[in-house]
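Listed below are the residues making up each chain.
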Amino acid sequence: MGVTKEDVAKFLDGNLEFAEGYFAKNMSPGNISKVSGVPEDELDFHTLSELTQVEESKFMFELIKDMQENVNMEKVVFKILKRICALIHADRCSLFMYRQRNGVGELATRLFNINPKSVLEECVVPPDSEIVYPLDMGIVGHVAQTKKTINVHDVSENQHFSTFVDELTEFKTKNIMATPILNGKDMVGVIMALNKISGPFFTPEDEDLFLKYLKIGTLNLKIYHLSYLHNCETRKGQLLLWSANKVFEELTDIERQFHKALYTVRAYLNCDRYSVGLLDMTKEKEFFDIWPVLMGEAPAYSGPRTPDGREVIFYKQIDYILHGKEEIKVIPTPAPDHWALVSGLPTYVAETGLICNIMNATAEDMFAFQTEPLDSSGWMIKNVLSLPIVNKKEEIVGVATFYNRKDGKPFDDQDEQLMEALTQFLGWSHLNPDTYDKMNKIENRKDIAQDMVLYHIRCRDDEIQNILYTREKYNCEPSECEEDELLQILKKDLPHLIPKFDIYQFHFSDFNCTELELTKCAIQMYYEVGVVKKFQVPQEVLVRFMYSVSKGYRRITYHNWRHGFNVGQTMFTLLTTGLLKRYYTDLEVMAMITAGFLHDIDHRGTNNLYQVKSAHPLAKLHGSSIMERHHLEIGKFLLADETLNIYQNLNRRQTEHVIHLMDIAIIATDLALYFKKRTMFQKIVDLSHTYTDEKKWIDYLSLETTRKEIVMAMMMTACDLSAIAKPWEVQSRVAMAVAAEFWEQGDLEKTVLEQTPIPMMDRTKSVELPKLQVGFIDFVCTFVYKEFSRFHPTITPMLNGILFNRSQWNVKKEAYEATLKGPDDGKNKGGNNAGGSKTCSVC
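What you are looking at is a predicted structure, and each value in this text was computed from that prediction instead of being measured.

Engineer: It is not clear to me how the overall build of the protein should be interpreted in this structure. Could you clarify?
Structural biologist: From N to C terminus, the protein includes 33 helices and 12 strands. For the protein, with 843 residues in total, the buried portion stands at 47%. In the protein, the share of contacts with a sequence separation of at least 24, taken over all contacts with a separation of at least 6, comes to 67%.

Engineer: Would you mind showing me how to read the sheet that holds strand 10 (residues 356–358) here?
Structural biologist: Each strand in a sheet pairs with its neighbour through backbone hydrogen bonds, running either in the same direction (parallel) or in the opposite one (antiparallel). Here we have six strands laid out as an open sheet, ordered 9-8-7-12-11-10, and antiparallel in their pairing. Here the strands that pair on one side only, and so sit at the sheet edges, are strand 9 (327–332) and strand 10. On average, adjacent strands in this sheet sit at an angle of 15° to one another, irrespective of strand direction. In the sheet, strand 8 (residues 314–321) pairs with strand 9 via six bridges, with the strands oriented antiparallel. From the neighbouring strand, Lys316 faces strand 9, where its bridge partner is Pro332. Each of strand 10, strand 11 (384–390) and strand 12 (396–405) touches helix 13 (residues 413–429); the most contacted strand, strand 11, lies at about 25° to it.

Engineer: In this structure, what is going on with unusual backbone geometry? I would like to understand it.
Structural biologist: Residue His89 is not a glycine yet carries a positive backbone phi of 55°. Mapped onto the elements, His89 comes out in the loop between helix 5 (73–88) and strand 1 (90–101). For His89, a relative accessible area of 38% puts it in the partly exposed group. Its identity is not glycine, yet Gln536 carries a phi of approximately 50°, on the positive side. Along the chain, Gln536 falls in the loop between helix 20 (531–534) and helix 21 (539–552).

Engineer: Explain the nonpolar core to me, please; I cannot follow it from the model alone.
Structural biologist: Inside soluble globular proteins, nonpolar side chains tend to come together where they are buried. Tyr526, Phe565, Met715, Tyr785 and Phe788 are the most contacted members of the largest nonpolar core, which has 112 residues in total. In terms of residues, this core owes the most to one element, helix 32 (residues 769–791), which gives 10 residues. Aside from chain neighbours lying at most four places away, what touches Met715 is Met571, Leu574, Leu575, Leu580, Tyr584, Met592 and Phe788. Residues Leu111, Ile114, Ile216 and Leu221 belong to the second largest nonpolar core, which totals 28 residues.

Engineer: Just checking my understanding: could you explain the environment of Leu580 for this structure?
Structural biologist: Tracing the chain through its elements places Leu580 in the loop between helix 22 (561–576) and helix 23 (586–598). The class of Leu580 is buried, set by a relative accessible area of 0%. Separated by 212 residues in the primary sequence, Leu580 and His792 have C-alpha atoms spaced 8.0 Å apart. With sequence-adjacent residues up to four places away left out, Leu580 is seen in contact with Leu574, Leu575, Met715, Phe788, Phe791, His792 and Ile795.

Engineer: Help me understand the confidence of the model for the protein in this model?
Structural biologist: Parts of the prediction with low pLDDT should not have their coordinates interpreted in detail. Scored by pLDDT, the protein comes out at a mean of 86, with 90% of its residues at no less than 70. Taken together, the stretch residues 826–843 has pLDDT below 50 and engages in 26 contacts with residues farther than four places along the chain or on a different chain.

Engineer: Honestly, the pairing of strand 7 (residues 271–279) in this entry has me stumped. Any pointers?
Structural biologist: Counting buried residues in strand 7 gives nine out of nine residues, a clear majority hidden from the surface. Relative to strand 12, strand 7 runs antiparallel, the two sharing seven bridges. In the strand pairing of strand 12, Cys271 is matched with Arg405. Taken together, the seven bridges between strand 7 and strand 8 define a ladder with antiparallel strand orientation. The partner of Leu278 across the bridge, within strand 8, is Lys316.

Engineer: Could you clarify how one ought to interpret helix 5 in this entry?
Structural biologist: Each α-helix winds once per 3.6 residues, and so residues spaced three or four apart point in a common direction. Counted at 1.5 Å a residue, the expected span for helix 5 with its 16 residues is 22 Å, and the 22 Å between its end C-alpha atoms agrees. When we look at burial in helix 5, the residues that qualify are Met73, Glu74, Val76, Val77, Phe78, Ile80, Leu81, Arg83, Ile84, Cys85 and Ile88. His89 sits one or two positions beyond helix 5 and adopts a positive phi of about 55°.

Engineer: I would appreciate a short explanation of a nonpolar patch on the surface in the present structure.
Structural biologist: Together, Phe287, Phe288, Ile290, Trp291, Leu294 and Met295 line one region of the surface with nonpolar side chains, adding up to about 700 Å² of accessible area. The topology assignment puts Met295 in the loop between helix 11 (287–294) and strand 8.

Engineer: What should I look at first to understand the pattern of salt bridges in this one?
Structural biologist: Note that side chains of opposite charge can pair when their charged atoms are close. The final tally for this structure, using the stated rule, is 41 salt bridges. Linking Lys446 and Glu443 is a salt bridge whose minimum nitrogen-to-oxygen distance equals 3.0 Å. In this pair, Lys446 and Glu443 are both assigned in helix 14 (residues 431–457), three residues apart and thus about one turn of the helix distant. Among the residues examined, Lys446 registers a relative accessible area of 37% and is labelled partly exposed. A relative accessible area of 37% places Glu443 in the partly exposed class.

Engineer: So what exactly am I meant to see when it comes to the packing of helix 31 (residues 728–751) against helix 33 (residues 796–819) here?
Structural biologist: Viewed as axis vectors pointing N to C, helix 31 and helix 33 meet at an angle of 60°, and their least axial separation amounts to 10 Å. Classified by the angle between their axes, helix 31 and helix 33 sit oblique to one another. Every pair of crossing elements has a handedness; the one defined by helix 31 and helix 33 is right-handed. For the pair formed by helix 31 and helix 33, the contact residues are Trp728, Gln731, Ser732 and Ala735 on the first element and Phe804, Asn805, Gln808, Trp809 and Lys812 on the second. Classifying every residue of the contact of helix 31 with helix 33 gives four nonpolar, four polar and one charged.

Engineer: Which parts of the structure should I look at to understand the packing of aromatic side chains?
Structural biologist: Each aromatic ring pair is characterised by the separation of its centres together with the angle its planes make. Taken as a whole and judged by the stated rule, the model has 27 aromatic pairs. When the ring of Trp561 is compared with that of Phe565, the centres are 6.0 Å apart and the planes differ by 70°; the resulting orientation is edge-to-face. Taken together, the positions of Trp561 and Phe565, both in helix 22 and four residues apart, correspond to about one turn of that helix. Summarising the burial analysis for this pair, Trp561 and Phe565 share the class buried. Look at Tyr691 and Tyr700: their rings are 5.7 Å apart centre to centre, the planes differ by 25°, and that puts the pair in the stacked class. For Tyr700, a relative accessible area of 23% corresponds to the partly exposed category. The structure contains a cluster of three or more aromatic residues connected by ring pairs, namely Tyr583, Phe681, Tyr691, Trp697, Tyr700, Phe788 and Phe791. The lysine or arginine in question, Arg266, covers the ring of Tyr263, its NZ or CZ lying 3.9 Å from the ring centre. Residue placement shows Arg273 over the ring face of Trp379; its charged tip is 4.0 Å from the ring centre.

Engineer: Looking at this structure, how should I read the side chain of Gln370?
Structural biologist: Assignment of secondary structure puts Gln370 in the loop between strand 10 and strand 11. A polar atom in the side chain of Gln370 sits 2.4 Å from the backbone nitrogen of Ile381. Each residue touching Gln370, except ones within four places of it in the same chain, is listed here: Thr362, Met380 and Ile381.

Engineer: Sorry, what's going on with the sheet that holds strand 5 (residues 176–183) here?
Structural biologist: If you walk across this open sheet you meet the six strands as 3-2-1-6-5-4, and the pairing is antiparallel. Strand pairing shows two members of the sheet lacking a second neighbour, strand 3 (132–134) and strand 4 (150–152), which therefore form its edges. Between one strand axis and the next, the sheet turns by 25° as a mean value, whatever way the strands run. Summarising the sheet, strand 1 and strand 2 (residues 104–114) pair through eight bridges and their orientation is antiparallel. Residue pairing for strand 2: Arg101 is matched across the bridge by Val104. On top of the sheet, helix 5 reaches strand 1, strand 2, strand 5 and strand 6 (186–196); it is set at about 145° to strand 1, its chief contact. In this fold helix 7 (residues 138–146) packs onto strand 1, strand 2, strand 3, strand 4, strand 5 and strand 6, with an angle of close to 140° to the strand it touches most, strand 6.

Engineer: What is the right way to look at the side chain of Asn566 in this model?
Structural biologist: Residue position: Asn566 is located in helix 22. Ignoring sequence-local partners within four residues, the contact set of Asn566 consists of Phe508, Asp510, Ser722 and Lys726.

Engineer: Whenever I open this one, the environment of Ile503 confuses me. Can you help?
Structural biologist: Among the structural elements, Ile503 can be located in the loop between helix 18 (497–500) and helix 19 (515–528). Given a relative accessible area of 0%, Ile503 falls into the buried group. For the pair Ile503 and Gln569, spaced 66 residues apart in sequence, the C-alpha separation works out to 6.7 Å. In contact with Ile503, other than residues within four places in its own chain, are Leu497, Ile498, Phe508, Cys521, Met525, Phe565, Gln569, Phe572 and Thr573.

Quick notes on the rules
- Residues numbered from 1 in each chain as written.
- Predicted model: local features only at pLDDT ≥ 70, side-chain atom pairs only at ≥ 80, totals over all residues.
- Heavy atoms only, no water.
- Helix = DSSP H or I, 4+ residues; strand = E, 2+ residues; numbered from the N terminus.
- Buried < 20%, exposed > 50% of the residue type's maximum accessible area, 1.4 Å probe, protein only.
- Contact = heavy atoms within 4.5 Å.
- Pairing = 2+ DSSP bridges.
- Axes fitted to C-alpha atoms, helices over the stretch in contact; angles between N-to-C directions.
- Core = buried A, V, L, I, M, F, W, Y, C linked by side-chain atoms within 4.5 Å.
- pLDDT = per-residue confidence, 0-100.
- Expected span 1.5 Å × (residues − 1).
- Patch = residues over 30% accessible without salt bridge, like charges linked within 9 Å, V, L, I, M, F, W, Y side chains within 5 Å.
- Areas by Shrake-Rupley, 256 points an atom, 1.4 Å probe, with all protein chains shown as cover.
- Salt bridge = Lys/Arg side-chain N within 4 Å of Asp/Glu carboxyl O.
- Parallel < 35°, antiparallel > 145°, perpendicular 65-115°, else oblique.
- Left-handed = near helix turned anticlockwise from the far one by under 90°.
- Nonpolar A, V, L, I, M, F, W, Y, C, P; charged D, E, K, R; others polar.
- Phe/Tyr/Trp six-rings, centres within 6.5 Å; stacked < 30°, edge-to-face > 60°.
- Lys NZ or Arg CZ within 6 Å of the ring centre and 35° of its normal.
- Polar contact = N/O pair within 3.5 Å; in protein donor to acceptor, adjacent residues only side chain to side chain.

In structure tokens form, the structure reads like this:
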């Protein structure tokens with residue numbers, strides 16, 4: 001018959017003298033001091049509760065002190081679990097830490113089999129001896145999944161219990177009490193107590209005591225967890241910062257870019273070694289590689305392929321060895337038995353695009369090759385983390401593999417996130433050298449295209465003989481002749497053309513000139529203004545340049561070489577006959593005449609608006625003044641060739657000045673800019689009338705750079721529009737050429753863009769040409785020549801010409817309008833004139 005707890009309590013209550021004597025005997029100062037560890041002279045034996053409080057306070061104080069002085073989580077938790085074991089009479093306690101690998105959570109032993117007599121060093125589990133629980137296995141895994149405390153009285157009756165660890169340790173588990181450690185909603189670990197010694201199972205009082213003591217343990221684990229996360233984020237930030245720094249230092253080559261970035265961040269990777277395998281990016285083989293397979297002379301490739309279909313071929317392997325003496329090895333075309341590739345893991349990652357985290361490499365079949373150390377240092381692979389390097393196009397460009405975490409533990413989810421951030425960044429940064437490579441190819445294609453264009457534009461050796469006939473005269477090439485010999489040829493043939501074709505006159509017409517004669521006249525203009533000798537322009541270069549400029553104009557209806565020459569001739573005439581040369585230096589005069597000849601080179605017969613509407617590459621290249629900037633670039637392109645550079649003997653400062661003036665002059669021909677400069681030019685003209693002394697005005701304006709540039713810009717407009725001021729028989733023919741080119745653009749707008757053109761470009765409204773011409777003269781042209789006539793009376797012939805032409809166009813306009821008003825007050829309104837004009841004699 002057994003004695004119950006109630007029987008003992010009843011006996012003691014009824015025998016107080018016995019109870020008092022028994023406790024007095026056993027609660028001696030020596031026994032209490034021995035149990036509590038407190039000196040006898042410090043004990044107060046009047047109340048047992050006070051003694052317990054002192055003892056617990058001292059224990060808690062030591063724990064807090066350990067937490068403050070040492071961030072060794074294991075030491076603090078070990079002390080708590082020892083105390084819990086004693087208080088709840090548990091056979092042993094253990095700590096399982098939560099982690100993730102390959103996106104799957106698991107629990108690994110950190111402190112194992114702690115009892116009241118345990119030593120810390122014996123209970124701390126080294127990384128290579130860990131017991132790992134998947135979350136779907138055992139009561140511990142169930143606690144981590146549910147995040148709830150559990151008290152199992154008999155494990156044999158619990159469906160979640162697993163005998164895995166019992167079989168491993170030869171221990172018999174009877175009952176379990178386990179609780180999760182959480183940081184907010186994040187799982188940190190699980191603490192477990194096994195087998196109640198003084199009873200059949202853990203009581204609710206034991207559970208309450210267990211959880212109360214674990215509050216301090218939970219705090220310590222939270223601090224540890226937060227500290228670990230903080231360190232990981234710090235490492236990640238530093239890693240990305242330094243890798244970004246090196247990535248953007250090197251934009252030209254993917255290998256050097258990766259190498260610089262990976263070497264710089266080695267201190268933040270926390271591993272013994274890492275290697276990067278770069279993949280061949282070839283997607284399609286050349287025909288000469290395919291033929292042997294198709295002919296049956298070579299086997300077809302049957303190995304692994306990347307997700308986008310490429311053969312997995314590592315064309316370069318870079319190994320970073322950080323343990324012992326740091327070493328970097330670059331292996332072009334690595335052999336399949338290279339230590340980083342022989343396992344097949346990088347190949348598997350390249351094939352699947354998956355992240356692979358292996359905690360125990362020696363237990364994996366793919367690492368069976370590792371029967372001995374891989375080098376003389378005795379190093380072996382213990383755990384591995386391998387990740388694909390993916391670019392912005394989601395193509396795998398390489399594989400980064402990290403070996404052996406420095407603290408011996410397996411790589412966890414924080415390591416995966418850190419390395420993934422690095423490889424993602426490296427993959428995205430692949431765009432830099434990729435873009436650089438594309439830009440290089442585009443630049444090379446551009447150079448090839450320019451070389452081809454220059455070949456067709458540049459004056460050939462046989463063509464230059466049309467002007468410098470040195471073969472006929474000296475039986476040699478122009479390059480073999482002296483400058484004086486070339487001058488003799490040019491002096492014989494060119495000067496007489498100037499008076500013959502009235503080059504100095506505003507009424508000049510090119511109708512009676514061949515294009516070759518125009519080129520010769522253009523060359524002679526440089527001699528007329530005295531710049532050839534002054535600036536040592538090689539005569540062969542000058543001839544080749546002007547001949548090339550004439551070839552650079554397309555054979556289109558209006559904006560061809562004849563128009564280009566007319567603008568250059570008008571600039572020459574304004575400077576000489578118009579006396580505007582007095583404000584400019586000879587260098588500036590040369591720049592202005594050259595700009596006149598170049599101002600419409602390579603014109604396509606369509607205006608700026610058409611380039612925008614048709615989304616032409618020129619519109620994307622130049623934001624404003626599209627065609628004008630293109631003409632300027634073509635001009636500079638010609639001058640960049642040594643055989644065509646008429647500025648080659650100028651010093652750097654002179655060259656910069658003439659190029660600056662050409663920029664202004666050519667872009668100023670954009671009529672969209674004309675209205676912005678009109679008022680400024682008018683103020684300059686008004687200012688000139690305030691000077692009574694002509695010499696002082698010339699001296700003043702000659703030194704005013706900005707005002708000179710404004711005058712020059714307006715001169716370019718006057719030159720570009722000069723056809724409107726030519727004699728009527730010339731102007732009417734030119735107007736028809738302009739209109740014809742406009743109508744051609746209108747046809748393109750209808751057929752290509754499927755848009756309705758404006759009336760000026762609609763050939764079905766050609767009868768309105770006189771009206772449009774009068775409007776154009778009134779709105780745009782008259783101001784230019786009126787102000788230039790006020791500025792310099794010598795330019796008045798141009799104003800007279802435009803006024804006369806206006807009167808002629810106005811007569812035709814009125815005649816056309818009269819036909820619209822018949823006896824029936826306009827009932828026959830122009831219906832029969834849609835196909836062409838019967839009233840406009842010009843049309």
